[in-house]
Amino acid sequence: MPAAGKQDTAKVTSTVDSHAVTKRLQSELMSLMSATDPGVSAFPDGDSLFSWVGTIQGAADTVYEGMSYKLSLKFPTDYPFKAPTVKFETPCFHPNVDQYGNICLDILKDKWSAAYRWGLPQALHCSFATSTCCEQLL
C-alpha cells in the first residue's frame, strides 16, 4: 500500500510541474503576441505548447533585409530550467548559425537562466546582431 501512495505522489508532482511549465509557456506566448516587434512572431505548432513555429524578418540595412526566416522552437519538459532549442528551418548563412540551422548563441546554451522571461525577439535579433561565432562552429 505505501508503494502505491508514493506513485500517486509522483504523479501529482509531475502534474504540478507540467502545469507550471504550461502556464509559463502560455504567459510567454501572450507576451510575444502583444509585443510591438513586427519582425518576429511565434506560435504553437498544433496543439502542443512545447513545439512552436516562428518567423523572423531580416533587419533593415543588413544583407538580411527583405528575407524571412522560418524557425522551429522546442521547449523541454523542464523549461524554464533548460533552454528551448531554437533552429532555423530556412537556410541562413550567418556566423552564429551552423549548416543545419542550429543557433550558436550562449543564452540559448550554457548561459541560459530560468530567470529569463522568454525573450524570443531579443534572442533572435541578437543571433543576427553579433558577428562572432561560438567555439562549436570553429
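Okay, so let's go over this structure. (Residues numbered from 1 in each chain as written. Predicted model: local features only at pLDDT ≥ 70, side-chain atom pairs only at ≥ 80, totals over all residues. Heavy atoms only, no water.)

## A few points about the overall build of the protein chain
Thinking step 1. In terms of helices and strands, the protein chain carries 2 helices and 4 strands.
Thinking step 2. For the protein chain, the α and β elements follow one another from N to C terminus as α-β-β-β-β-α.
Thinking step 3. Within the span of the protein chain, comprising 138 residues, buried residues form 33% of the whole.
Thinking step 4. Long-range pairs, those at least 24 residues apart, make up 47% of the contacts in the protein chain with a sequence separation of at least 6.
Thinking step 5. Accessible area for the protein chain stands at about 8,600 Å²; split by element, carbon and sulfur atoms hold 58% of it. (Helix = DSSP H or I, 4+ residues; strand = E, 2+ residues; numbered from the N terminus. Buried < 20%, exposed > 50% of the residue type's maximum accessible area, 1.4 Å probe, protein only. Contact = heavy atoms within 4.5 Å. Areas by Shrake-Rupley, 256 points an atom, 1.4 Å probe, with all protein chains shown as cover.)

## Observations concerning the environment of Tyr79
Thinking step 1. Looking at the element boundaries, Tyr79 is found in the loop between β3 (68–74) and β4 (85–88).
Thinking step 2. A distance of 2.6 Å separates polar atoms of two side chains, one belonging to Tyr79 and the other to Glu28. (Polar contact = N/O pair within 3.5 Å; in protein donor to acceptor, adjacent residues only side chain to side chain.)

## Points about the sheet that holds β4
Thinking step 1. With antiparallel pairing, 4 strands are arranged side by side in an open sheet as β1-β2-β3-β4. Strand pairing shows two members of the sheet lacking a second neighbour, β1 (40–44) and β4, which therefore form its edges. The average angle at which neighbouring strand axes cross in this sheet is 20°, direction not considered.
Thinking step 2. In this sheet, strand β2 (residues 51–57) lies alongside β1 in antiparallel orientation, the contact comprising 5 bridges. Paired with Ala42 across the strands is Gly54, a residue of β2. (Pairing = 2+ DSSP bridges. Axes fitted to C-alpha atoms, helices over the stretch in contact; angles between N-to-C directions.)

## What about the nonpolar core?
Thinking step 1. In terms of nonpolar packing, the biggest core is built from 24 residues, with Leu25, Trp52, Phe88 and Ile103 touching the most fellow members.
Thinking step 2. Sorting the residues of this core by element identifies α1 (2–33), β1, β2, β3 and β4 as the ones contributing at least two each.
Thinking step 3. When residues of this core are assigned to their parent elements, the largest contribution, 4 residues, is made by α1. (Core = buried A, V, L, I, M, F, W, Y, C linked by side-chain atoms within 4.5 Å.)

## Topic: the pattern of salt bridges
When their charged atoms lie close together, side chains carrying opposite charge are able to pair.
Thinking step 1. For the structure on display, the rule yields 2 salt bridges.
Thinking step 2. Note that Asp78 is salt-bridged to Lys82, the shortest N-O span being 3.7 Å.
Thinking step 3. Among the residues examined, Asp78 registers a relative accessible area of 30% and is labelled partly exposed.
Thinking step 4. For Lys82, a relative accessible area of 48% translates into the label partly exposed. (Salt bridge = Lys/Arg side-chain N within 4 Å of Asp/Glu carboxyl O.)

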